[in-house]
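# Residue-level structure breakdown
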Amino acid sequence: MARVIEPTDQMLRDACARMAARFHWADDFETVMRDRVRSRLVRIEAKHPPATGMPPARALREPACRPLQPPKGGPPLFDHKRAASGERDDD
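Conventions used here
- Residues numbered from 1 in each chain as written.
- Predicted model: local features only at pLDDT ≥ 70, side-chain atom pairs only at ≥ 80, totals over all residues.
- Heavy atoms only, no water.
- Axes fitted to C-alpha atoms, helices over the stretch in contact; angles between N-to-C directions.
- Helix = DSSP H or I, 4+ residues; strand = E, 2+ residues; numbered from the N terminus.
- Parallel < 35°, antiparallel > 145°, perpendicular 65-115°, else oblique.
- Left-handed = near helix turned anticlockwise from the far one by under 90°.
- Contact = heavy atoms within 4.5 Å.
- Nonpolar A, V, L, I, M, F, W, Y, C, P; charged D, E, K, R; others polar.
- Core = buried A, V, L, I, M, F, W, Y, C linked by side-chain atoms within 4.5 Å.
- Buried < 20%, exposed > 50% of the residue type's maximum accessible area, 1.4 Å probe, protein only.
- Expected span 1.5 Å × (residues − 1).
- Arc of directions from axis to C-beta.

### Looking at the packing of helix α1 (residues 9–23) against helix α3 (residues 36–47)
Contact geometry of α1 with α3 gives a least axis separation of 8 Å together with a crossing angle of 110°. One element, α1, and the other, α3, form an angle in the roughly perpendicular class. As α1 packs across α3, the resulting crossing turns out to be right-handed. For the pair α1 and α3, the contacting residues are M11, L12, A15, C16, R18, M19 and R22 in the first and L41, V42, R43, E45 and A46 in the second. When the residues that make up the contact of α1 with α3 are grouped by side-chain class, the tally is eight nonpolar, no polar and four charged.

What follows is the structure in structure tokens.
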């Protein structure tokens, strides 16, 4: 069974300060800890602090190239109507 590490008061205060800076909380530590939702978020942050030296996650960008599109003009690569009628190219 995994051991549960209970965060210390200093860990909770540090986590609260990080989250207050990130989410622009104007309340002090005691007010945040009385709030049921925010205190839970602070406890989770204290148990799982961010890795130091790791850059923050970046937003996903669009791919550099477009997805492959069938060429314009000419016969289609696959004839769906012919395949649906049961014709085969095994001749």
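### What about the nonpolar core?
The biggest cluster of nonpolar side chains holds ten residues, and these are L12, A15, C16, M19, A20, W25, F29, V32, V42 and A46. Listed by contribution, the elements that provide at least two residues to this core are α1, α2 (29–34) and α3. It is α1 that contributes the most residues to this core, five residues altogether. Apart from residues lying up to four places away in sequence, C16 is in contact with F29, V32 and V42.

### Some points on α3
Its twelve residues place the ends of α3 17 Å apart at the C-alpha level, agreeing with the 16 Å of an ideal helix rising 1.5 Å per residue. For α3, the full list of buried residues reads R38, S39, V42, E45 and A46. Projected down its long axis, α3 shows its buried positions confined to an angular sector of 120°, all on one face. The inward-facing, buried residues of α3 contact α1 and α2.

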